[in-house]
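As a plain string of letters, each chain reads:
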There are 2 protein chains.
Amino acid sequence: MALSIALVHYPVRDKRGDIAATSITNFDIHDLARTARTYGVEPLYIISPMNSQKEFARRIIRHWSEGFGSCYNPSRKTALETTLVINDLGEILEDFETRGIKPLPLFVGTSARNFPNTISFKALRERIEKAEENFCIVFGTGWGLHPSLLQDFDLTLEPIKGAGPYNHLSVRSAVAIICDRLMGR
Amino acid sequence: MALSIALVHYPVRDKRGDIAATSITNFDIHDLARTARTYGVEPLYIISPMNSQKEFARRIIRHWSEGFGSCYNPSRKTALETTLVINDLGEILEDFETRGIKPLPLFVGTSARNFPNTISFKALRERIEKAEENFCIVFGTGWGLHPSLLQDFDLTLEPIKGAGPYNHLSVRSAVAIICDRLMGR
């Protein structure tokens, strides 16, 4: 449990940079759960304060964990076993306390920009490998995490750089690349 | 154009291993196009022999390239500029010939298994960096590329290994990780 990840649907930025809430997406849950399971990253926290959205996400997870889907595609069941739907980042700390996992995780934001607390992939990977700290990497939907969240994080992860100026990966792709860089063999 | 990628919807395997055709998915087109654009991988070939499926894919691309979507979200337009919808792998060779690009690409299959012609990420990255050859990495939808295709490829890429035995990444995640390993800084 050295590394967990969280996908935030509120507060995030819309295309103008204003604060927004986004809808939970079926593809996000499955892709992130499968990536997390592949790299031994757990739990995957799906974060939304909206009851209808949380119920939607939990129904998807139940379908593949208990319903017809668990027989039809057991690999989805396995992937979703460590996925939790919660209200906000504070509930991650509560989850760690409830399970008696110490120390509490440091929150690591993700952004296309650099910040004074930005940490490189290499440095974070080394800290994870030491196994003395727990980290939760926080991803934003929409146009990214709202600055009001980012400013309170312990660390911000170095942006992913591609071949040129274009830098608009989907959150599904960004999570996959970051898990691979931090945990891949 | 040292590296291009292709997403195959036929012939692929279904969950029993039988030959199947899958539907083209909106999320696949956008995620793969954005990943390809980020890493300077082009073109992205979307492959299906079914006319209704190809028309669906082309309608999505038109919407974001010419229609309302091109103004609403220009980064999608940029991503989709190098996406082509074609019938089969043979048309990739025709596309290279039409554009006068030499040499013709070597086809590199992707699979969760190892083959006699398997090449490591490190070795393929080194060959790409030499810039003397062109490579097209071929991904399968469904339960992966059908063996009838794989057996004819020039090379097969080393499987992505995670932390344990679980190995069921979505094709969107696999493409992101592989582009990052081969082209990422």
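Residues numbered from 1 in each chain as written. Chains lettered and ligands numbered in written order. Predicted model: local features only at pLDDT ≥ 70, side-chain atom pairs only at ≥ 80, totals over all residues.

### Quick look at the overall build of chain A
Secondary structure summary: chain A contains eight helices and nine strands in total. Its C-alpha atoms give chain A a radius of gyration of 16 Å, within 12% of the compact-globule value 16 Å for 185 residues. The buried share of chain A, taken over its 185 residues, is 43%. Across chain A, contacts joining residues at least 24 apart in sequence account for 80% of those joining residues at least 6 apart. (Helix = DSSP H or I, 4+ residues; strand = E, 2+ residues; numbered from the N terminus. Rg over C-alpha atoms; globule rule 2.2 N^0.38 Å. Buried ≥ 20, exposed ≤ 12 C-beta atoms within 10 Å, placed from the backbone. Contact = placed C-beta atoms within 7 Å.)

### Looking at the sheet that holds strand β8 (residues 135-140) of chain A
Residues and elements named next belong to chain A. Read from one edge of the open sheet, seven strands run β5-β4-β1-β8-β6-β9-β7, paired in parallel fashion. In the strand order of this sheet, the two ends are held by β5 (83-86) and β7 (118-119), each with one partner. Pairing of β7 with strand β9 (residues 155-157), which is carried by two bridges, proceeds in the parallel orientation. Note on β9: the bridge partner recorded for threonine 118 is threonine 156. (Pairing = 2+ DSSP bridges.)

### Here we look at the environment of lysine 102 of chain A
Mapped onto the elements of the fold, lysine 102 of chain A is located in the loop between α5 (90-99) and β6 (106-110). Spatially, the C-alpha atom of lysine 102 of chain A lies 15 Å from that of lysine 130 of chain A, the residues being 28 residues apart in sequence.

### A short note on the relation of the copies chain B and chain A
Structural alignment of chain B on chain A gives an RMSD of 0.0 Å, achieved by rotating through 180° and translating 0.0 Å along the axis. Between the two chains, the operation in question is that of a two-fold axis. Taken as a fraction of all interface residues of chain B, those also at the interface in chain A reach 100%, which identifies the copy contact as same-surface. (Least-squares fit on C-alpha atoms with pLDDT ≥ 70 in both.)

### A closer look at the interface of chain B and chain A
One widely used convention gives an interface's size as the accessible area the parts lose upon coming together. On the chain A side, the residues contacting the 28 residues of chain B number 28 residues. Elements supplying a minimum of two residues to the side of chain B that touches chain A: α1 (26-39), α4 (74-80) and α8 (171-183) of chain B. By residue number, the principal contributor to the side of chain B that touches chain A is α1 of chain B, which donates eight residues. Here the side of chain B that touches chain A is built from residues that sort into nine nonpolar, twelve polar and seven charged. (Nonpolar A, V, L, I, M, F, W, Y, C, P; charged D, E, K, R; others polar.)

### As for the packing of helix α1 (residues 26-38) of chain A against helix α8 (residues 171-183) of chain A
All names here are of chain A. Their axes nearest at 10 Å, the elements α1 and α8 cross at an angle of 5°. In terms of orientation, α1 and α8 fall into the roughly parallel class. Counted together, Phe27, Asp28, Asp31, Leu32, Thr35 and Ala36 of α1 and Val171, Arg172, Val175, Ala176 and Cys179 of α8 form the full contact between these two elements. Its residues assigned to classes, the contact of α1 with α8 comprises seven nonpolar, one polar and three charged. (Axes fitted to C-alpha atoms, helices over the stretch in contact; angles between N-to-C directions. Parallel < 35°, antiparallel > 145°, perpendicular 65-115°, else oblique.)

### Observations concerning the sheet that holds strand β9 (residues 155-157) of chain B
All names here are of chain B. If you walk across this open sheet you meet the seven strands as β5-β4-β1-β8-β6-β9-β7, and the pairing is parallel. Edge positions in the sheet fall to β5 (83-86) and β7 (118-119), since each of these pairs with one other strand and no more. Strand direction decides the pairing type here: strand β4 (residues 44-47) and β5, joined by four bridges, are parallel. The residue of β5 that forms the bridge with leucine 44 is threonine 83.

### Remarks on unusual backbone geometry
All names here are of chain A. Put simply, lysine 102 and proline 103 share a cis peptide bond, and its omega is -10°. Within the secondary structure, proline 103 sits in the loop between α5 and β6. Backbone geometry at alanine 131 places phi at a positive 60°, although glycine is not the residue there. One can find alanine 131 in the loop between α6 (121-130) and β8.

### What to know about the environment of serine 170 of chain A
Its place among the elements puts serine 170 of chain A in the loop between β9 and α8. Remark: the alpha-carbon pair of serine 170 of chain A and lysine 15 of chain A, spanning 155 residues in sequence, is separated by 14 Å. What serine 170 of chain A contacts, discounting residues up to four positions off in sequence, is His30, Asp31 and Arg34 of chain B.

### Considering the pairing of β4 of chain B
Taken together, the four bridges between strand β1 (residues 3-8) of chain B and β4 of chain B define a ladder with parallel strand orientation. The residue bridging isoleucine 5 of chain B from the neighbouring strand is leucine 44 of chain B, located in β4 of chain B.

### Details of the confidence of the model for chain A
On average, residues of chain A carry a pLDDT of 94, and 99% of them reach 70 or more. Taken over the whole predicted complex, pTM reads 0.95, whereas the ipTM for its chain interfaces reads 0.94. (pLDDT = per-residue confidence, 0-100.)

### Here's the deal with the environment of arginine 181 of chain B
Residue and element names in this part refer to chain B. Along the chain, arginine 181 turns up in helix α8. Look at arginine 181 and you get partly exposed, because 19 C-beta atoms sit within 10 Å. A sequence separation of 59 residues divides arginine 181 from lysine 122, and the C-alpha atoms of the two residues are 8.3 Å apart.

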